[in-house]
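A look at the structure
The residues making up each chain are set out below.
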Amino acid sequence: MTHLENSTAGAPVAPAPRPAASRRAKAQRRAMILFIAPAFLIYAAFVFVPLGMSVYYSLLRWDGIGEIATSARFYGLRNYIEVLTDDDLLQIIGNAFQLALWFTIPPVCLGLAVASAIRSQMAGRFGTATRTILFLPQVIPLVAAGIAWSWMYDSYGVVNQFLRWVGLESWTRGWLGDFTYALPAVGIIGAWVLLGLCTMLLVTGIARIDGSLYEAAKLDGARPRHEFRFVTLPGLKNEIGICITVTIIQALSSFDIVYIATAGGPGIETTVPGLEIYRLAFAHRQVGLASALAIVLMILVLACVLPIQWALRDRNK
């Protein structure tokens, strides 16, 4: 017992917490909350509240006219069942995923090619002019881009005139009115618009890669394709992930380009969920079904984006 008392008496005693430091920490937390609160309230007002209302409306059968208490009736999950079983709505969702391929693969691949090609000229006039020209579509309003491409795709537009000039007259057609080629034609418009953004992100990413890595690769006898594979691609992992994320979201939520270029036609060959939500809510007065489709679309966007973000996160942190 005496030995325990002596050993306890000799042990170092932890200093008591200082009240002043504790008060400063609490004051800092309160200050952070006060700074965050306005942004959070605005975000909640424009995101969480509309999202909650959409979920509520998706459980109703309502035409959007009159008071909900008197003109709407509870419909349960039947709106969601219709979204997931109706052939037309499933085709419309499938159209969005086809557009996602067009909105993602060409801009990312071409952006990588252009960024790699101008890597050594980024600081010069050639690199500046190339980045400016490629970024121009990104600053053009999507409505203007849709109108311009509609003229180009016309029977006597630039596309068909070029095909006639090179001797491919059999390929000429009304592209946006063709059941087979209308959706790819719209996809090319989206790819053209997003090419500049992807290129700028990838050019910025290449500028961050240590130049000594390329020099070491050259000393080891690496060819340009080896430099691209073993230096450029790993160095642009995060930028490629951002490009894929942005383009997928743009494709799944597209509205402007499709509405202006084809209005969803011919038939429903180019109709996408964003356009169908608008039609269901304001033309057919099926607010519940439109809200259910919107919620399903949000879930699909998250299901596509979150795995990409998870795969690209830094495992070392």
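Please refer to the structure placed before this passage.
Residues take numbers from 1 onward in each chain, read along the sequence in its written order. Local features in this predicted model are restricted to residues of pLDDT 70 or higher, and side-chain atom pairs are both shown and tallied only at a pLDDT of 80 or more, whereas totals for entire chains, interfaces and linings draw on every residue. Water and hydrogen atoms play no part in the side-chain values, which are based on all heavy atoms of the structure.

Quick word on the layout of surface pockets
As a reminder, the rule being used: For cavity detection a 1 Å grid was placed over the protein atoms alone, and a set of points counts as a cavity when a 1.4 Å probe fits there but cannot get out; an open set counts as a pocket when protein lies on both sides within 12 Å along at least five of seven lines, with lining residues being those that have an atom within 4 Å of a point. Grid points are joined across faces, edges and corners, and a volume is the space filled by probe spheres set on the points. Helix and strand definitions here come from DSSP, where helices need a minimum of 4 consecutive H or I residues and strands a minimum of 2 consecutive E residues; each element is numbered from the N-terminal end. The classification used treats Ala, Val, Leu, Ile, Met, Phe, Trp, Tyr, Cys and Pro as nonpolar, Asp, Glu, Lys and Arg as charged, and all other residues, Gly among them, as polar.
The computed volume of the largest pocket comes to approximately 260 Å³. If you trace the largest pocket, you find 13 residues lining it, with Ile277, Ala294, Ile295, Leu297 and Met298 closest to the centre. Elements represented by at least two residues in the lining of the largest pocket include exactly α2 (19-58) and α15 (287-312). For the lining of the largest pocket, the per-class residue count stands at eleven nonpolar, two polar and no charged.

Here's the deal with the packing of aromatic side chains
As a reminder of what qualifies: Whether two aromatic rings pair depends on their centres lying within 6.5 Å, for rings of Phe, Tyr and Trp, where Trp uses its six-membered ring; planes under 30 degrees apart make the pair stacked, over 60 edge-to-face, and the rest tilted. The buried label applies to any residue whose accessible area, calculated with a 1.4 Å probe on protein chains only, is under 20% of its type's maximum; exposed applies above 50%, and partly exposed to all values in between.
One pass over the full model with this rule turns up twelve aromatic pairs. For the ring pair Tyr43 and Phe48, a centre distance of 5.3 Å and an interplane angle of 85° mean the geometry is edge-to-face. Assessed through its relative accessible area of 46%, Tyr43 is described here as partly exposed. Among the residues examined, Phe48 registers a relative accessible area of 43% and is labelled partly exposed. Ring geometry for Tyr278 versus Phe282: centroids 5.5 Å apart, planes at 45°, classification tilted. Placement of the pair is Tyr278 and Phe282 together in helix α14 (residues 273-283), with a separation of four residues, close to one helical turn. For Tyr278, a relative accessible area of 38% gives the class partly exposed. For Phe282, a relative accessible area of 59% translates into the label exposed. Through a chain of ring-to-ring contacts, the aromatic side chains of Phe255, Tyr259, Tyr278 and Phe282 assemble into a single cluster.

Quick word on the state of the cysteines
The following threshold applies: When two cysteine sulfur atoms lie within 2.5 Å, the pair is treated as a disulfide.
A complete count under the given rule lists zero disulfides for this structure. Not engaged in a disulfide, the cysteine Cys198 finds its nearest cysteine sulfur in Cys243; these two sulfurs lie 3.9 Å apart.

Focus on the packing of helix α4 (residues 78-85) against α15
For any two helices packed against each other, one specifies the crossing angle of their axes together with the interaxial distance. Operational definition: In this analysis, axes come from line fits to C-alpha atoms, helices being fitted only over the stretch in contact, and the angle between any two N-to-C directions falls in the range 0 to 180 degrees. Each crossing gets its hand from how the near helix is turned against the far one by less than a right angle, where anticlockwise is left-handed and clockwise is right-handed. Two residues qualify as a contact provided that any one of their heavy atoms is within 4.5 Å of a heavy atom in the partner residue.
Two elements in contact, α4 and α15, have axes separated by 9 Å at closest approach and are oriented at 65°. The chirality of how α4 crosses α15 is right-handed. For the pair α4 and α15, contact is made by Asn79, Tyr80, Glu82, Val83 and Leu84 and by Gly288, Leu289, Ala292, Leu293, Ile295 and Val296, respectively. Of the residues that constitute the contact of α4 with α15, the class distribution is eight nonpolar, two polar and one charged.

Comments concerning a nonpolar patch on the surface
Note the cut-off: Here a patch means residues that are over 30% exposed by relative accessible area and free of salt bridges, tied together within 9 Å if like-charged and within 5 Å if nonpolar (Val, Leu, Ile, Met, Phe, Trp, Tyr). For accessible areas, the Shrake-Rupley method is used with a probe of radius 1.4 Å. Any residue's cover is judged against the shown protein chains and nothing else. Put simply, a salt bridge is a Lys or Arg side-chain nitrogen that is within 4 Å of an Asp or Glu carboxyl oxygen.
Together, Met32, Phe35, Ile36, Phe40, Leu41, Ile42, Tyr43, Phe46, Val47 and Phe48 give the surface a local cluster of nonpolar side chains, amounting to about 1,100 Å² of exposed area. Inspection of the secondary structure puts Phe35 in helix α2. Among the residues examined, Phe35 registers a relative accessible area of 70% and is labelled exposed.

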